[in-house]
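# What the coordinates show
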Amino acid sequence: MTTTSAASDTSQSEDLETMDVAEAIKTLGANTENGLTTAEVNQRLEKYGPNALPEKHESLAHKILKYFVGPIAFMIEAAAIVSAFLGRWDDFIIIFALLVFNAGLELWQDLKASNALKALKESLAPHATALRDGSFQQIDAATLVPGDVVRIRLGEIVPADLRLVSGDFASIDQAALTGESLPVSKKVGDEAYSGSVVKQGVMEGLVIATGGNTFFGRTAKLVAGAGAVSHAQRAMFQIGNFLIMVAVVLALIMVGVQVWRDIVVADTWGVADALNILQFVLILLVASIPVAMPAVFSITMALGALALSKEKAIVSKLSSIEEMAGVDILCSDKTGTLTKNILTLGDPILLQASDPQDVVLAASLASETEHSDVIDSAVIEALKDRSTLKPFTTTQYTPFDPVSKRTQATVTDADGNVIMVSKGAPQAIVDLVTPAKDIADKVNEHVAELGSRGYRALGVARSADQGKSWYLLGILPMFDPPRDDSKETIEKVRARGVAVKMVTGDDTAIARETARQLGLGTNIVPAAEAFPKDMDPDHVPKKIADAIEEADGFARVFPEHKYAIVKALQQRGHLVAMTGDGVNDAPALKQADCGTAVSGATDAARGAAALILTAPGLSVIENAIEEARRIFGRITSYTIYRVALTMDIMFLVVLSTIFLNFQPLTAIMIVIMSLLDDVPIMTIAYDNTPVTRDPIRWRMTRLLTVSAVLGFASIVQSFGLLLIGFTVMSVPAAQNFFGLHDQSHLQTVMFLQLVAGGHLMLLVTRTEKWFFEKPYPARPLWLAIVLTQAFAVLMCGFGWIVPKISWMTIAWIWVYLLVWLVILGAVRIAMERLMDNQLSRRAEAKKIMNTPLGGGMS
């Protein structure tokens, strides 16, 4: 064969998959006798590039800088800069340390996430045996080009996408790529995918695609482009934006009033005045920033991750815990997750045998016991007594090949009798036996019935006269049965408001039968029917998205199909969890809100996943959902508390500055208060939180409304106490009684009120019911609150860091706070009822609008 010019574009690879082999050889200008020359290889390397996955490098410095960008990060940085400018280094160190801590956590998460592509690259073949310059030689697989001819054999990884051009047969395990549960028999003309593993046989193949253009490469591209911003990140952005907006408005008002006082009223202006205003801005900035919010989120989820690890689930991406709380659709792989991934024999169907174990024994004799494949293992495992094999000696064995489609063995029993046995595709066994027409018709009926239920069928025959005549003993049904706990787990997950969809690379009939046994429904959609070949998985048409939403599961799916399923459901507003174990699952695992690698998953799947299960099956998922909702409840409680308290501090500082010309807190008081309020509150990660029946998400409108209302109620509480303090200081007798002799003592009063009042407000924000109802605060949280309050009281009573106030004053502050605790509890209950009523009215209105006209008329 003369070598012609190579194909002009690798986009032809899809046509090369389906066109006639001779035409593919001609199109690629290949030479199956001598291979490509060194000069041709170099030309094609220039054109097509190396046979490797493309890499996009991002410097560590660029990665780190990204973590210092965002609303809350900008607020913290601004406060740190102002602190440094004013020489307040104690404030600067505390603020900067929190900033670095938050960035460090995010960097660690990102470095973990980059493992998916690295693991994919490690799955590729490092070397290949290629026909070059007239002889086969071992080369670096990265130098393969379209048009090369390569040889593949037992145990090797297929180095590129191939069309097989010569050889008898090969059995190739491509489960990690396509999800098929058994190795696939290949013959001349078939395709072999890069990254799959040869289990049997030797063949030669024509390279039709390399690098990013292979089936494997397209999967890697999907992995690289997959991923979504977590809802926790979005929530922090929204909270940060809300607080920035409030802080900026209040800062402008405060600066405007202060400048007006200095220039217009006092008719003076100098550097001291400017620094004084800057100090006010610093106090407001420190007051407005929930500096510990990212840390509290991360620590709460990290403790949740620790709890999940005890349930045999390893969390590799902390935000996935919060995502799992809101998941309403679980897309589950079938093989090994819902099923046992162990091919199992059903009850034998007897034809010319009288005992089921006779059929199993004959099939076992026609199997390899030492290097058995999954079918041989299943057959031998079905023997009730393996000792029945001992009297037989195998003298000849012919392994399965895709031409004869059966195995055959010649054995001798203990008496020296020679017996021949064969097992294989039922039609191949029928052709061997040539039984009476009625038996052949029965075989066809049984095979069709088994096929409709998703069972594979194995015919078994025996000959006692050197193969002159054969008896068709029976048919062995084979099936990968559901795991014992799968059905119960699915029912529990559904009871939590999560729909389950099965996604598998197996045949439609197999998928449908598995779904039927598990109670998932039988609306199983074959991927080839649902997804056009040229469809962009990032932009699924509405009609297909509708079908995805309505389906109970999908069969014969490829990686881009799984990715498209997840993406389409997300675009419909669903939060999607995806389970998988293979390279083919990696894109969908990375794109999903909570990608979950099941027990025994490949490194690529583990690298792409956010949650890694170390125990087989789905039962761990149900525990993960419950734990995630508990954690989400804790984070929500903290968020409402933190936003309300931040608003309280901000408005108190501004209102008292404008109307009373009084600075209620010093900068150091605010920093200490932030530590006393937030550091112990990290124990909220241990709190007793009720688990909701339905998925829960960030309902920012509701959350910010509740926070704002509680915040304004707290402002009334704080400003009210401040006004009482001014009144006390204006009456000499009261001043002496309470020991409030100057404004510094009043600052201590406000400091204690905000520290103690903040923790008491947490009792209100942690539940939608009355704060004295169950569930009660967990012991660690309760101890943290009590110890913090004791420390704050001692600080104020003995004058540590803050000006000293009398014990009588401290006692009256606590009476005031306890009264307001009841008021805030009543406000929270009223708000929740009001919003629930509004939600019910909206749902009722929507229901009426969706009711067809005349639907309620008789």
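Below: a short report on this structure. This one's a predicted model, so the numbers in the text were calculated from it and none came from an experiment.

## What about the pattern of salt bridges?
Scanning the entire structure with this criterion turns up 26 salt bridges. The salt bridge partner of Lys-562 is Asp-585, with a shortest N-O separation of 2.3 Å. Of this pair, Lys-562 sits in helix α22 (residues 559–571) while Asp-585 sits in the loop between β20 (576–580) and α23 (586–591); the two residues are 23 residues apart in sequence, bridging distant segments of the chain. The pair formed by Lys-562 and Asp-585 is uniform in burial state, with each residue classed as buried. The partner of Arg-702 in a salt bridge is Glu-832, and the shortest N-O contact between them spans 2.4 Å. Here Arg-702 is found in helix α27 (residues 700–730), whereas its partner Glu-832 is found in helix α31 (residues 807–850), with 130 residues between them in sequence. In this pair, the class of Arg-702 matches that of Glu-832, namely buried. A cluster of three or more residues bridged by salt bridges with shared partners is formed by Arg-496, Glu-626, Glu-627 and Arg-630.

## Quick word on the packing of aromatic side chains
Enumeration according to the criterion identifies 12 aromatic pairs in this entry. Consider the rings of Phe-771 and Phe-772, whose centres lie 5.3 Å apart with planes at 80°: the pair is edge-to-face. Classification of Phe-772 as partly exposed rests on a relative accessible area of 49%. What links up through ring pairs into an aromatic cluster is the set Phe-791, Phe-798, Trp-800 and Trp-807. A cation sits over an aromatic face here: Arg-151 above Phe-136, 3.9 Å from the ring centre.

## Overview of the sheet that holds strand β22 (residues 611–613)
Taken in spatial order, the 8 strands of this open sheet run β8-β22-β21-β20-β9-β17-β19-β18, and their pairing is mixed. Each having just a single partner strand, β8 (313–315) and β18 (524–526) make up the two edges of the open sheet. Neighbour-to-neighbour, the strand axes of the sheet open up by a mean angle of 20°, direction not taken into account. Direction of pairing for strand β17 (residues 499–503) relative to strand β19 (residues 553–555): parallel, over a ladder of 2 bridges. Residue Val-503 lies in a different strand from β19, and its bridge partner there is Phe-554.

## With respect to the packing of helix α25 (residues 619–659) against α27
The interhelical angle for the contact between α25 and α27, taken along N-to-C directions, is 40°, at an axis separation of 7 Å. As the angle between them shows, α25 and α27 are arranged oblique. Here the hand of the crossing between α25 and α27 comes out right-handed. The class makeup of the residues in the contact of α25 with α27 is 16 nonpolar, 7 polar and 1 charged.

Here is what the cut-offs are and how they apply
- One numbering rule holds for all chains: residues counted from 1, following each sequence as written.
- Given that the model is predicted, a residue must reach a pLDDT of at least 70 before its local features are reported, and side-chain atom pairs must reach 80 or more before they are shown or counted; all residues, however, enter totals for whole chains, interfaces and linings.
- Hydrogens and waters are ignored; side-chain quantities use all the structure's heavy atoms.
- One speaks of a salt bridge when a side-chain nitrogen belonging to Lys or Arg is within 4 Å of a carboxyl oxygen belonging to Asp or Glu.
- Only DSSP runs of H or I reaching four residues or more are called helices, and only runs of E reaching two or more are called strands; each is numbered from the N terminus.
- When a residue's accessible area, from a 1.4 Å probe over protein chains only, is under 20% of the maximum for its type it is buried; when over 50% it is exposed; and in between it is partly exposed.
- Ring pairs are drawn from Phe, Tyr and Trp, using the six-membered ring of Trp, whenever the two centres fall within 6.5 Å, and their geometry is named by plane angle: stacked under 30 degrees, edge-to-face over 60, tilted for the rest.
- Counted as over-ring charges are cases with an Arg CZ or a Lys NZ within 6 Å of the ring centre that also lie within 35 degrees of the ring normal.
- The pairing criterion for strands is at least two bridges between them, as found by DSSP.
- Axis definition: a line fit to C-alpha positions, over the contact stretch in the case of helices; interaxial angles, taken between N-to-C directions, run 0 to 180 degrees.
- The cut-offs work like this: below 35 degrees is roughly parallel, past 145 is roughly antiparallel, 65 to 115 is roughly perpendicular, and the gaps in between are oblique.
- When the near helix sits turned anticlockwise from the far one by under a right angle, the crossing is termed left-handed; a clockwise turn instead gives a right-handed crossing.
- The residue classification treats Ala, Val, Leu, Ile, Met, Phe, Trp, Tyr, Cys and Pro as nonpolar and Asp, Glu, Lys and Arg as charged. All others, Gly included, are polar.

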